[in-house]
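This is what each chain is made of:
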Amino acid sequence: MKRISKCNIFIKLIFIFMILFFAFTLSGCNSDYDITELIHIAIIGVDKGEDGKPIITYQIANIKSAPGIADNEENKEPKLNIITFRGNTFSDTLDALSSILPRMPSFAHVKAIIFSKEFAEDGIYSVISPVLRHADFRGNAYIIVVNNGTAEEFIKQNNPTFEYLPYRYIESQATLSKYSRYYSKATIYEFYNRLNSNSSSSYAILGGINKNHDLNNAHSLQEGDSYYAGEMPRRGDTNPVELLGTALFYKDKYIGKLTAEDSMIVSVIKGDFRKTSVVIPDPNEPELYVSCIVVLKRPATISVKMENDKVKINVELLLEGEAINTPSKINYDTPENRRQLEEAFTEHMTARLLKMLKKTQEIGADPIGLGYYNRANYKNYQEFAKSDWISLYKNAEITGKTVLKIRSSGLSWNKTEEKNEVDKTE
Amino acid sequence: MSTLKLSRMGLTDGIILIVFLSISRFFLITSTEAIKLSAGLAWYLYLISTLVTLIIGLALINILKNFEGDLLAMTERLLGKSWFYIIGIYYALLFLSNCTVLTRKFSENIAQVGFRDIDIIVVIFLYVLIMSISTYFGIEVLARGAYLLIPFIIFLTAFILVLIIPLFNVHNLAPWQGTGIGNVTLYGMASAGANSGVIIIAILAPSFQDFITKAKSVFYGSIIGGLYKMTCITTILLAIGVERSKEMLIPFYELASLAYFDKSFQRFEDLTVFLWIFVGLISIGVSAWVTLYLVARMLKLSDIKPLIPLLSIIVFSTATFAENALSIIDFDLGFLKIYHGLSMYVFPIILLFMFYKQKLKLLFKKNSAV
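How large an interface is tends to be reported as the accessible area lost when its parts come together. All names here are of chain A. According to the domain assignment, chain A contains domain 1 (32–269) and domain 2 (275–426). Opposite the 29 residues of domain 1 that make contact, domain 2 presents 36 residues. Summing both sides of the interface, domain 1 and domain 2 together bury roughly 2,700 Å²; the carbon and sulfur share of this comes to 56%. Where domain 1 touches domain 2, the interface holds three salt bridges. Among the ionic pairs, E261 bridges to R352, the shortest N-O distance being 2.7 Å. The tally of links from domain 1 across to domain 2 stands at 13 residue pairs in polar contact (both at pLDDT 80 or more).

Looking now at a nonpolar patch on the surface. Taken together, the side chains of Y85(B), I89(B) and L93(B) present a nonpolar region at the surface, about 250 Å² in accessible area. Tracing the chain through its elements places L93(B) in helix α5 (residues 81–113).

All told, the structure shown has 27 aromatic pairs over all chains when counted by the stated rule. Relative to Y91(B), the ring of Y90(B) has its centre 6.1 Å away and its plane inclined at 80°; by these criteria the two rings are edge-to-face. This pair shows no difference in class: Y90(B) is buried, exactly as Y91(B) is. Every member of this aromatic cluster is reached through a ring pair, and the members are Y58(A), F85(A), F90(A), F107(A) and F137(A). In this structure, K257(A) is placed above the aromatic ring of Y228(A), and the distance from its NZ or CZ to the ring centre is 4.4 Å. Over the face of the ring belonging to F84(B) we find K81(B), whose NZ or CZ atom lies 4.8 Å from the ring centre.

It is worth spelling out the packing of helix α6 (residues 120–137) of chain B against helix α14 (residues 308–319) of chain B at this point. All names here are of chain B. Taken N-terminus to C-terminus, the directions of α6 and α14 make an angle of 155°; their axes are 10 Å apart at the nearest point. The angle between α6 and α14 falls in the class roughly antiparallel. At the point where α6 passes α14, the crossing takes the right-handed sense. From α6, I121, I124, F125, V128, M131, S132, T135 and Y136 reach across to α14, where they touch I308, L311, S312, V315, F316 and A319. Of the residues that constitute the contact of α6 with α14, the class distribution is eleven nonpolar, three polar and no charged.

At the interface, 47 residues of chain A touch 56 residues of chain B. Of the roughly 4,500 Å² buried where chain A meets chain B, counting both sides, 63% is carbon and sulfur surface. Applying the counting criterion to the chain A and chain B interface returns one salt bridge. Note that R375(A) and E243(B) form a salt bridge whose closest N and O atoms lie 3.2 Å from each other. For the interface between chain A and chain B, the tally reads nine residue pairs in polar contact (both at pLDDT 80 or more). Where the side of chain A that touches chain B is concerned, the elements lending two or more residues are α1 (2–26), α6 (166–175), α8 (188–197), α11 (371–374) and α12 (381–386) of chain A. Per element, the largest residue contribution to the side of chain A that touches chain B is 13 residues, and it comes from α1(A).

Here we come to helix α1 (residues 11–23) of chain B. Residues and elements named next belong to chain B. Given a rise of 1.5 Å per residue, 13 residues ought to cover 18 Å, and the 18 Å separating the end C-alpha atoms of α1 matches this to within 8%. Within α1, eleven of the 13 residues are buried, which leaves it mostly tucked inside the rest of the structure. Looking at α1, one finds that the buried residues are D13, G14, I15, I16, L17, I18, V19, F20, L21, S22 and I23. The inward-facing, buried residues of α1 contact α5, α7 (139–164), α9 (200–203), α10 (211–240) and α13 (269–298).

Sizing a probe to match a water molecule and rolling it over the atoms shows the empty space that remains. Here the largest pocket defines a volume of roughly 1,500 Å³. Residue lining of the largest pocket: 44 residues in total, with E190(A), K270(A), D272(A), P166(B) and L167(B) positioned closest to the centre. Broken down by secondary-structure element, the contributors of at least two residues to the lining of the largest pocket are α7 (177–180), α8, α9 (260–270), β11 (289–307) and α11 of chain A together with α10 of chain B. Considering every element that reaches the lining of the largest pocket, the biggest residue donor is β11(A), with five residues. Looking at the lining of the largest pocket residue by residue, the classes come out as 22 nonpolar, twelve polar and ten charged. Structurally, the lining of the largest pocket is a two-domain feature, drawing no fewer than three residues from each of domain 1 (32–269) and domain 2 (275–426) of chain A.

Next up on the list: empty space enclosed by the protein. All names here are of chain B. On inspection of all chains with the given rule, the structure shows four cavities of 30 Å³ or more. Approximately 300 Å³ is the volume found for the largest cavity. For the lining of the largest cavity, the element with the highest residue contribution is helix α15 (residues 325–369), accounting for five residues. Among the residues making up the lining of the largest cavity, the classes are represented as nine nonpolar, seven polar and five charged. Roughly 50 Å³ of internal volume is contained in the second largest cavity. Lining the second largest cavity, in full, are L21, R25, L94, F95, N98, A194, S196, G197 and H340.

This paragraph deals with a positive patch on the surface. Residues and elements named next belong to chain A. Judged by side-chain charge, R338, R339, K401 and K405 come together as a positively charged surface patch. When residues of the positive patch are traced back to their parent elements, those giving at least two are α10 (335–363) and β13 (397–408). By secondary structure assignment, the location of R339 is in helix α10.

So, on to the pairing of strand β2 (residues 54–61) of chain A. All names here are of chain A. Counted residue by residue, β2 has seven buried out of eight residues, so it is predominantly covered. With eight bridges connecting them, strand β1 (residues 38–48) and β2 associate as antiparallel partners. Looking at the pairing, H40 lines up with A61 of β2. In this structure, the hairpin formed by β1 and β2 is closed by a connection of five residues, where G52 is found at a positive phi of approximately 90°.

This next bit is on the nonpolar core. Membership of the largest hydrophobic core comes to 252 residues, with the highest contact counts inside it found for I44(A) and F115(A). Considering every element that reaches this core, the biggest residue donor is α13(B), with 19 residues. Looking at this core, you find at least three residues from each of domain 1 (32–269) and domain 2 (275–426) of chain A. Contacts of F115(A), omitting those with residues within four sequence positions, involve V46(A), A120(A), I124(A), V127(A), I128(A), I143(A), I144(A), V145(A), V146(A) and A151(A).

One pass over the full model with this rule turns up 25 salt bridges over all chains. With its nearest N and O atoms 3.4 Å apart, the salt bridge here joins R194(A) to E190(A). With R194(A) and E190(A) both in helix α8 and four residues apart, this pair spans about one turn of that helix. On the basis of relative accessible area, R194(A) is assigned to the buried category, the value being 5%. Of the charged contacts, one joins R244(B) and E254(B) as a salt bridge, the two residues approaching to 2.8 Å between their closest N and O atoms. With R244(B) in helix α11 (residues 242–245) and E254(B) in helix α12 (residues 251–257), this residue pair connects regions lying ten residues apart in the sequence.

Reading the values: the criteria
Residues numbered from 1 in each chain as written. Chains lettered and ligands numbered in written order. Predicted model: local features only at pLDDT ≥ 70, side-chain atom pairs only at ≥ 80, totals over all residues. Heavy atoms only, no water. Domains from an automatic or database assignment. Contact = heavy atoms within 4.5 Å. Buried area = accessible area lost by both parts, 1.4 Å probe. Salt bridge = Lys/Arg side-chain N within 4 Å of Asp/Glu carboxyl O. Polar contact = N/O pair within 3.5 Å; in protein donor to acceptor, adjacent residues only side chain to side chain. Patch = residues over 30% accessible without salt bridge, like charges linked within 9 Å, V, L, I, M, F, W, Y side chains within 5 Å. Areas by Shrake-Rupley, 256 points an atom, 1.4 Å probe, with all protein chains shown as cover. Helix = DSSP H or I, 4+ residues; strand = E, 2+ residues; numbered from the N terminus. Phe/Tyr/Trp six-rings, centres within 6.5 Å; stacked < 30°, edge-to-face > 60°. Buried < 20%, exposed > 50% of the residue type's maximum accessible area, 1.4 Å probe, protein only. Lys NZ or Arg CZ within 6 Å of the ring centre and 35° of its normal. Axes fitted to C-alpha atoms, helices over the stretch in contact; angles between N-to-C directions. Parallel < 35°, antiparallel > 145°, perpendicular 65-115°, else oblique. Left-handed = near helix turned anticlockwise from the far one by under 90°. Nonpolar A, V, L, I, M, F, W, Y, C, P; charged D, E, K, R; others polar. Expected span 1.5 Å × (residues − 1). 1 Å grid on protein atoms, 1.4 Å probe; cavity = no way out; pocket = protein on both sides within 12 Å on 5 of 7 lines; lining within 4 Å. Points joined across faces, edges and corners; volume = space filled by probe spheres on them. Lys, Arg positive; Asp, Glu negative; His and termini not counted. Charge placed at Lys NZ, Arg CZ, Asp CG, Glu CD. Pairing = 2+ DSSP bridges. Core = buried A, V, L, I, M, F, W, Y, C linked by side-chain atoms within 4.5 Å.

Below you can see the structure in the form of structure tokens.
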């Protein structure tokens, strides 16, 4: 009896071993490539040729220049190689690329696909579609539209100061969008989902090549007409390439853009941000500015009602902040003054919110995805499939309010009053 | 009566067999089909199909307790010798088709994501080879080996689903009635055939200790399989939405590709490949073994092992028969859906009807005698 049971255990162990062995074999682990047999494409740029055909730029990561290997002073390897092709289709250029490379091109680590505005205006489905069908590509590569210039130029100009590898710059920037907040993270996955959703519009990160160094005419990002990517005046040894604003699409065609300020409001409504600072003119001394660090107290309250094919949208935001910078030396820690400041912030933020929503209506795009809230208004999916959210959104009646409550005054309290005293004694 | 000896199996074995047979198709195109049919209410479709499976499975086990032996023995007693062969051939073909379709579809998926440079014939050959070896080991080893793999499957699935949570958009489930509650209920009932693996308990009835073990196996197996499918489909809908999900050929793989932990720790979709392979290999092995068991039972053979090479050749040739990956999907969603559906409804209902008819007859006889 004991012998039989030992035999059974032996058979089971053989069986488990066999399953595990074949699990590794069948999953393709045997037909993998050594890293030295591959060439990793990091960024793909897509421009429109003179005859309308795509010009595709591939930025290839050079493994020999990787940190560690490249620390060696004798290593003069470039960080990356850039190759550009012109073809009838995107897939055409993939073949061309394979034909000239000594190793297998791998698209597993593509970080971003960058489009020129001209190409995006004609529609980007011809590029997105093969990407989604190819098992090598991943849905979390970022989508960028270049505001001023070509994608090829953008890739060539991308020379980050604090990141060793240029494609890392784009990945890090996009990952930090919830902090830097002036653009919304846009991935292929989200772009394509929105393209098919009939509940929202696709959008991309707006990128640009900065050539504006004139600080005399500069203003705050949250002031006036704000900026689009490539337009924010700055000087210094930083990357000429910047991400600022949002590119809006109708289906797969680029139709307009949002400024840095508008993009921030979009992020706030979508709940895609952690913390931001809001700057407004001081209610008592308008020539000075008061700033407040703001967090979203609770997710935006959005209601979408449909009455006789007319949509009514209401967006309400509750923000919580701490007054951090009050150069006017007015003590905003007193209950009356704090209320006055809260009202000023509320008024300012509500105006910004409504301005952004009106702008998106005029452009004809819904980057927030307010249409998702409208889905529940349909009885069933067949009814929903017949509707056209964007035409409903363009004619929608939108109301909105942002309420800001100041929760604390930062690490100091009543400090401004003490300063006044000092000033008086002086 | 066949002299084929069956090994003893317990509650866990029964549960595992049902769960594996019911979730194997979920990793393929059936989840996409469920979303196409019911939109945001796909979880409800699985709920209905699970309930139907549960009712039919328990009813079958309940009448089986009045007979000695398995499903075929009961059929012979209730309907006669010809029905013994009709039902035997029908279920043997059902498990054979399951075996063939799963082999081809899992091979196609693997060829898409892993074996891209190798001819599909080679992948199918490997699957058939493993199927032959597993069938040789027998159902007991397949079932007990499978539950050693369960922790991996649960861990991999839970890990991927948890990482997907940040992508959830609850509005993706709206309109809340999907394609209509009535429609989805009907689709759910029609798609119960995908759970026809529950019949395995009735086929292997003599292996299980008693009625309670069989009933519990059906109950827990159907519930666990159903819950697994409902959880996964709801996650797919919440993260990806109806419109995009309808286009996907390998939804679970694409769902896993969205899981992102950190820029240095990603690409979890490759873990799902192991998941398919575990589930696929076990399901194909079990289907092959049951096919051979039914054949041996009908032909009164004492051993199934000599039939293994023949079955391997049949599975290999039928799996390579389809011209391309899409035609096998069409075949599965078309013909097999009806075939599996009939196996869940027609024969169990005929058996139930005959059983109660005989019971009533006996009752009348008793009463008239009194």
